[in-house]
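Listed below, chain by chain, are the residues.
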Amino acid sequence: MLPLYILTSAKNQPILVELKNGETLNGLLTNCDSWMNLTLSEVIQTSPNGEDFLKIPEIYIRGNHIKYLRLPEQTMDQAKEQNLINMEQRNKNQRRRGNNNGNYNNNGNFNRRRNDNNQSNRRNFNNRRFNNNNNTE
Amino acid sequence: MSETDSNVEDLYLESYAFTTAAAIVGSVDRKIFVLLRDGRNLFGVLRTFDQFANLVLQDTIERIYLGSEGSDDLSKPERFGEAYRGVFMVRGENVVMMGEVDIDHEDEHLEVLSQIPFEVAEKELKSIHKQKMKFEKAKTKKLLSKGLINDFAKSDLY
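Named according to an unreviewed UniProt entry, chain B is Sm-like protein LSm1 originating from [Candida] jaroonii.

Going by an unreviewed UniProt entry, chain A carries the name U6 snRNA-associated Sm-like protein LSm4 and comes from [Candida] jaroonii.

If you want it as structure tokens, here you go:
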């Protein structure tokens with residue numbers, strides 16, 4: 001379970017972000033991506049000296065400015081649960097794929113047949129042009 | 001039978017990292033110490049990490065070491081303050097060093113120190129940092145006048 005996976009499972013929860021310049025941002029994590037870019041809502045921004053506060057409805061943080069994040073206590077357990085559910089789902093899918101081996105081969109055939117069709121279309125098109133040429137002559 | 005085998009393989013692949021950050025794989029689920037570039041000392045259980053050495057710590061404690069009262073020498077700690085911080089996700093860029101903590105002996109060095117409230121320690125550390133910044137600023141100016149450069153970054157207070 002990678003750190004960013006834990007971060008994504010902390011969505012819609014209150015987190016604290018400290019930036020490299022010492023500013024802290026308290027808010028609900030609305031979204032994050034694989035660069036650790038974040039969007040927070042209902043944010044309280046605190047200045048590096050801890051004296052000035054600012055209330056902001058929504059904010060975007062570029063990941064590379066982050067020093068650290070503090071997450072709610074229960075996030076780790078939630079991420080673990082989510083991971084278990086995902087693993088089970090994956091295993092189920094694998095089992096299903098194992099039973100449907102024949103279908104996958106059919107799929108391959110289907111593709112090939114479609115290619116055949118394309119080729120025959122091209123052939124028809126060439127023929128038509130040939131015919132047209134004949135007509136003009 | 002084959003099903004359990006494939007699960008074991010899944011677990012193995014998931015815990016296997018392909019980069020040099022894999023060196024800390026042995027410290028997972030153990031108590032570690034992390035020093036950040038801003039001088040913070042964190043003690044917590046390493047739960048996971050990635051190729052950038054982003055770390056997730058659980059049950060983290062932040063501890064500030066201070067010299068004797070009125071001294072700004074941080075190299076000879078006599079007092080400390082600590083605060084519980086919970087789950088920490090540290091961006092790898094900000095880590096100076098980290099290492100495993102021997103939980104049998106981790107508190108031994110604190111016995112000779114006196115504990116003070118974290119807020120007091122934090123305030124004192126801030127003023128020490130402020131002084132250091134002032135000093136470095138003056139140093140930069142002086143060196144620059146001799147055509148030299150002072151290699152100091154504001155965010156490096158460790």
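Having seen it, we continue.
**Let's talk about the pairing of strand β3 (residues 55-66) of chain B**
Residue and element names in this part refer to chain B. Of all 12 residues that make up β3, 10 are buried, and the element is covered over most of its length. Between strand β2 (residues 41-49) and β3, which pair antiparallel one after the other, the connecting turn spans 5 residues, and Ala-53 there sits at a positive phi close to 60°. The sheet contact formed by β3 and strand β4 (residues 79-90) spans 10 bridges and is antiparallel. Bridged to Glu-62 within β4 is Ala-83.

**Some words on the pattern of salt bridges**
The tally for this structure, following the rule as stated, stands at 14 salt bridges over all chains. The shortest N-O distance in the salt bridge between Arg-40 of chain B and Asp-38 of chain B comes to 2.4 Å. Pair check on accessibility: Arg-40 of chain B and Asp-38 of chain B agree, each one buried. Put simply, Glu-18 and Lys-67 of chain A together with Asp-38, Arg-40, Glu-62 and Arg-85 of chain B are held in one network by salt bridges that share partners.

**Re the interface of chain A and chain B**
Quoted interface sizes are often the accessible area lost when the parts come together. Taken residue by residue, the interface counts 27 residues in chain A and 26 residues in chain B. Between chain A and chain B lies a buried interface of about 2400 Å² when both sides are counted; carbon and sulfur atoms form 51% of it. Considering only the side of chain A, the residues that lose the most area to chain B are Pro-3, Lys-67 and Met-76 of chain A, jointly responsible for 23% of the buried surface there. Taken together, chain A and chain B are joined by 3 salt bridges. Residues Lys-67 of chain A and Asp-38 of chain B are paired through a salt bridge, measuring 2.7 Å at the closest nitrogen-oxygen approach. Residue assignment for the side of chain A that touches chain B shows that the elements contributing at least two residues are α1 (3-8), β5 (66-71) and α2 (75-99) of chain A. Residue composition of the side of chain A that touches chain B, by class: 15 nonpolar, 5 polar and 7 charged.

**Things to note about the pairing of strand β1 (residues 14-19) of chain A**
Residue and element names in this part refer to chain A. A large share of β1 lies buried, amounting to 5 of its 6 residues. Here β1 runs beside strand β2 (residues 24-32); their pairing, made up of 5 bridges, is antiparallel. Opposite Pro-14, over in β2, you have Leu-28 as the bridge partner. Here β1 folds back onto β2 in antiparallel fashion, the turn holding 4 residues, of which Gly-22 has a positive phi close to 95°. Sheet analysis places β1 next to β5, joined by 4 bridges and oriented antiparallel. Within the sheet, the bridge partner assigned to Leu-16 lies in β5 and is Arg-70.

**Remarks on unusual backbone geometry**
Not every positive phi belongs to a glycine, and Glu-42 of chain A is a case in point at roughly 50°. Take Glu-42 of chain A: its relative accessible area is 59%, and that puts it in the exposed class. In this structure, Ala-53 of chain B takes a positive phi of about 60° despite not being glycine. For Ala-53 of chain B, a relative accessible area of 26% puts it in the partly exposed group.

**Here's the deal with a nonpolar patch on the surface**
On the surface, a nonpolar cluster with roughly 290 Å² of combined accessible area is contributed by Val-96, Met-97 and Tyr-158 of chain B. Within the element layout of this structure, Tyr-158 of chain B appears in the segment after α2 (118-145).

Quick notes on the rules
- Residues numbered from 1 in each chain as written.
- Chains lettered and ligands numbered in written order.
- Predicted model: local features only at pLDDT ≥ 70, side-chain atom pairs only at ≥ 80, totals over all residues.
- Heavy atoms only, no water.
- Buried < 20%, exposed > 50% of the residue type's maximum accessible area, 1.4 Å probe, protein only.
- Helix = DSSP H or I, 4+ residues; strand = E, 2+ residues; numbered from the N terminus.
- Pairing = 2+ DSSP bridges.
- Salt bridge = Lys/Arg side-chain N within 4 Å of Asp/Glu carboxyl O.
- Contact = heavy atoms within 4.5 Å.
- Buried area = accessible area lost by both parts, 1.4 Å probe.
- Nonpolar A, V, L, I, M, F, W, Y, C, P; charged D, E, K, R; others polar.
- Patch = residues over 30% accessible without salt bridge, like charges linked within 9 Å, V, L, I, M, F, W, Y side chains within 5 Å.
- Areas by Shrake-Rupley, 256 points an atom, 1.4 Å probe, with all protein chains shown as cover.

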